[in-house]
Amino acid sequence: MPPGFRRVADRLTDAAPGWLVETVRPAPAALRWGPMLRMAVVVTAPLLMGLAAGRISLGILPAMGAMATSMADRGGSYRARIIMMSAAGLAGALGYAVGALARGHGWWTVLVVVAVSVVSALISAAGAAGSAAGLQLLVMIILGTGIPLPGPPAMNALSFLLGTLLALVLALARWPLHPREAEEAAVIAVYRLLGLLFTERDRETVAAFDGALRNGYATVLGARSAAMGKDAARTRLVALLNQASLIRNALLSLCQEGRDPPRDLRFTVDEIVDSLAGGREPSVPERECDSPALCALHYAVRGAAELASGGDVAGEQLPYEPVGRRQRLRSIWEKVWYGHLARVYVIRLALCMGVASAVSLAGWFERSYWVMLTVALILKPDFGSVFARAVQRALGTFVGILIGTVVLLVVPYGPALLIPLAAFAALLPYGLQRNWGLMSTFQAPLVLLLVDLLTQGGPKLAEVRLVDTVAGCVIVLLLGYLPWPTSWEAPVGPRFADAVSAAADYLRHAFDLRYGQRALLRRKAYDALADMRTVFQRAVTEPPAISRRVTTWLPAMTALEQVADATATTVARTEHGASPPSEEGVRALVTALEDIAADVREGHSPAEPELTDEESLEQVNSAVRGLRDTVSDERTDTGGRAETP
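With that settled, consider the overall build of the protein. A tally of regular secondary structure across the protein gives 26 helices and 0 strands. Taken over 645 residues, the protein has a buried fraction of 52%. Here the analysis covers contacts within the protein between residues at least 6 apart in sequence; of these, 77% occur between residues at least 24 apart. On the protein, roughly 28500 Å² of surface is accessible, and the fraction owed to carbon and sulfur atoms is 61%.

The next thing to look at is the packing of aromatic side chains. Under the criterion given, the structure shown has 2 aromatic pairs. Judged by centre distance (5.7 Å) and plane angle (20°), the rings of tyrosine 78 and tryptophan 175 are stacked. Taken together, the positions of tyrosine 78 in helix α5 (residues 78–102) and tryptophan 175 in the loop between α8 (153–171) and α9 (181–197) put the pair 97 residues apart, joining distant regions of the chain. By relative accessible area, tryptophan 175 is classed as partly exposed at 36%. Both rings, one in phenylalanine 496 and one in tryptophan 553, keep their centres 5.1 Å apart while their planes meet at 45°; by these two values the pair is tilted.

Residues with a pLDDT of 70 or more make up 84% of the protein, whose mean pLDDT is 81. Mean pLDDT per element in the protein: helix α1 (residues 3–15) is the minimum at 47, and α8 is the maximum at 93. Counting contacts from residues 225–229, a segment whose pLDDT is below 50, to residues more than four positions away or on other chains yields 8 contacts. Between residues 636–645, whose pLDDT stays under 50, and residues either more than four places distant or in other chains, the model counts 30 contacts.

Moving on to the packing of helix α21 (residues 492–509) against helix α22 (residues 518–539). Following both chains from N to C, one finds α21 and α22 inclined at 165°, their axes separated by 8 Å at the closest point. Classified by the angle between their axes, α21 and α22 sit roughly antiparallel to one another. Two packed elements cross with a definite hand, and for α21 against α22 that hand is left-handed. Touching Val492, Arg495, Phe496, Asp498, Ala499, Ala502, Ala503, Asp505, Tyr506 and His509 of α21 are Arg518, Leu521, Arg522, Lys524, Ala525, Ala528, Leu529, Met532, Val535, Phe536 and Ala539, all from α22.

Applying the stated criterion to the full structure yields 21 salt bridges. Between aspartate 505 and arginine 508 there is a salt bridge; the shortest N-O distance is 2.8 Å. Of this pair, aspartate 505 and arginine 508 both sit in helix α21, separated by 3 residues, roughly a single helical turn. For arginine 508, a relative accessible area of 34% translates into the label partly exposed. One continuous salt-bridge network, built from bridges that share partners, spans Arg203, Asp210, Arg248, Arg533, Glu561 and Asp565.

Right, let's get into a nonpolar patch on the surface. A cluster of nonpolar side chains, contributed by Val41, Leu162, Leu165, Val169 and Leu170, occupies part of the molecular surface with about 430 Å² of accessible area. Counting residues per element, the nonpolar patch draws most heavily on α8, at 4 residues. Considering the arrangement of structural elements, one finds valine 41 in helix α3 (residues 33–53). Since its relative accessible area comes to 42%, valine 41 is described here as partly exposed.

With that out of the way, let us pick up the environment of alanine 80. One can find alanine 80 in helix α5. Expressed as a C-alpha distance, the spacing of alanine 80 and alanine 218, which sit 138 residues apart in the sequence, is 9.8 Å.

Looking now at the nonpolar core. The biggest cluster of nonpolar side chains holds 95 residues, and the ones touching the most others in it are Leu47, Ile142, Met353 and Tyr369. Counting residues per element, this core draws most heavily on helix α19 (residues 436–455), which supplies 11 residues. The next biggest cluster of nonpolar side chains, apart from the first, holds 49 residues, and it includes Leu507, Val590, Val620 and Leu627.

This part is about the packing of α3 against α8. Where α3 meets α8, the closest approach of the two axes is 10 Å, and the angle between their N-to-C directions is 150°. In terms of orientation, α3 and α8 fall into the roughly antiparallel class. Considering the relative orientation of α3 and α8, their crossing is right-handed. Seen from α3, the contacting residues are Arg38, Val41, Val42 and Pro46; seen from α8, they are Leu166, Ala167, Leu170 and Ala171. When the residues that make up the contact of α3 with α8 are grouped by side-chain class, the tally is 7 nonpolar, no polar and 1 charged.

Time to look at the side chain of asparagine 249. Secondary-structure assignment places asparagine 249 in helix α11 (residues 232–256). Residue asparagine 249 is classed as buried on the basis of its relative accessible area of 2%. Apart from the residues within four sequence positions on either side, asparagine 249 is in contact with Arg522, Tyr526, Ala568 and Thr569.

It is worth spelling out α8 at this point. If you check α8, its first and last C-alpha atoms are 27 Å apart, about what 19 residues at 1.5 Å a residue would give, namely 27 Å. Among all positions of α8, only Asn156, Ala157, Phe160, Gly163, Thr164, Ala167, Leu168 and Ala171 are buried. Around the axis of α8, the buried residues are gathered within 140° of arc, so they sit on the same side. Within α8, the exposed residues directed more than 90 degrees away from the buried face are Ala154 and Leu162.

Okay, α5 next. Relative to the 36 Å expected for 25 residues at 1.5 Å per residue, α5 spans 36 Å between its end C-alpha atoms, a close match to the ideal helical length. A positive backbone phi angle near 80° is found at glycine 104, which sits one or two residues after α5.

Mapped onto the elements, glycine 104 comes out in the loop between α5 and α6 (107–124). Residue classification places glycine 104 among the exposed residues on the basis of a relative accessible area of 72%. It is 7.4 Å that separates the C-alpha atoms of glycine 104 and threonine 145, two residues lying 41 residues apart in sequence.

As a further point, take the environment of serine 245. If you trace the backbone, serine 245 turns up in helix α11. Residue serine 245 is classed as buried on the basis of its relative accessible area, which comes to 7%. Each C-alpha atom, one on serine 245 and one on tyrosine 191, is 10.0 Å from the other, the two residues being 54 residues apart in sequence. Beyond its immediate stretch of four places on either side in the chain, serine 245 contacts Leu213 and Arg522.

Calculation criteria
- Residues numbered from 1 in each chain as written.
- Predicted model: local features only at pLDDT ≥ 70, side-chain atom pairs only at ≥ 80, totals over all residues.
- Heavy atoms only, no water.
- Helix = DSSP H or I, 4+ residues; strand = E, 2+ residues; numbered from the N terminus.
- Buried < 20%, exposed > 50% of the residue type's maximum accessible area, 1.4 Å probe, protein only.
- Contact = heavy atoms within 4.5 Å.
- Areas by Shrake-Rupley, 256 points an atom, 1.4 Å probe, with all protein chains shown as cover.
- Phe/Tyr/Trp six-rings, centres within 6.5 Å; stacked < 30°, edge-to-face > 60°.
- pLDDT = per-residue confidence, 0-100.
- Axes fitted to C-alpha atoms, helices over the stretch in contact; angles between N-to-C directions.
- Parallel < 35°, antiparallel > 145°, perpendicular 65-115°, else oblique.
- Left-handed = near helix turned anticlockwise from the far one by under 90°.
- Salt bridge = Lys/Arg side-chain N within 4 Å of Asp/Glu carboxyl O.
- Patch = residues over 30% accessible without salt bridge, like charges linked within 9 Å, V, L, I, M, F, W, Y side chains within 5 Å.
- Core = buried A, V, L, I, M, F, W, Y, C linked by side-chain atoms within 4.5 Å.
- Nonpolar A, V, L, I, M, F, W, Y, C, P; charged D, E, K, R; others polar.
- Expected span 1.5 Å × (residues − 1).
- Arc of directions from axis to C-beta.

Put into structure tokens, the structure is as follows:
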């Protein structure tokens, strides 16, 4: 950013309220040229062909299909990307066909929009692919009811699918040559951060590694087939991730002993990274271990080096949870029909969409489908805070409209509009990485140019778009946010209690060498901590009345992370020579954690835990007492008590 712009931004930041700065602050993200160039190509290519044929309307739906499909591409394994992108494309085509058939039927159109809103909300609760499909189903039924295009609905839906196919072909072009590219890259990223952990073991670096490890598991396990054990390459990648987790715990254990890790083991981790990237095999130095933590570190690094060199995968290196199709469907069914938050979202979305659709019948807005689109996009439950999205959407659209107006004034109608349109399309993936407001900043002028190509509406479209967007934000805030108690109670408390329960489950079997799923329980505990952090980060972008109460959970969250780390490091030492704890001592710790989880759910202050005085459990005992004391100090007003998801 130029110095002049940076100074202006700094002044605005200093003048704005802290909660507003936090709400609109973009997340750091790097420019990813591949997705950006693909988005520019898939959006502009159909439009260029439509202009060449003399009927721009022929290119609108393929461009929209390509854009919707590409926006659903969030990375990961090729299998996961195919599912996400195909779900979004198919649902979008179906939504447009239904919307086109329902267009112009008065109150029946309103009823159809409300009914599809319910279906969309239910589908969105079924996971990432369901979320992408639910969003595009709703978006395209809105556009189908609002934008009349020549041709029968079925043929237009096929045109939309042509754009989906174009986006899939370009996104998956490297698949035949590099079928496991994403999984391998995710594992390499984990080991690169692991090398950094050898020299920097502060909380931020550990959190960054844990995030990379979680992404690695999601990417590799998301690519597995129903019979993962038969896929040797993916099996090895899972084992490498598990070894990385063991190295992390051994490093923290060594840090608790007040010692630095040996430099030669750090060099071995660097060699593992080079080997995974196609370089030579790593070597493992032989050394004498004079402490349990050092033995744990050497053993874990040696296991990772052997895996990178093509060694056999041991049974304990491969803990993963096989989930059959029937179990996955049952889990989806429970989320859709029995989740309280899902039911609340269904009611809120149906109400707001019904009102927005009814407003369109009144003729108050020139392009009322923009009002409904705003409602649909802001109320998406897995996109973060509704309040934050409404603020970001309004501000981003305002800035984007100003940019779009300048483009419409300067660039003449015709093929020349495709140049700025391609630029805005390329910036969409980047904006989506940063935050919802920045994405809206690039999306608003893009949509303006698309509509102008279709209608030749000129700069007046900017005013129409801004008014419609503000109207949609008002509907959401007045009907979908302010009246609902759940809007004022961020569910940090329930997520915190779930994370405490997961830590208790891990601790219960952590020292039982005969239990075969210890590593799986460890991963579930850290996944629960990550989920808790995600809910917390979303909650702090709410208005001060909510965010001030939510921030009181931060010390308790840090204390719980210390419990998980103390457990993992104690296990690492125990497995390599330290005295094992007694069953009574472990049982007392598990009971204490379960009591804390129960008290948090009920809104009570936890009692003093009754723990055994064992040297082998000193770190865990101290962490659990610290957790109890921190939670007790903050229970006068939880600020996070909310409905149980």
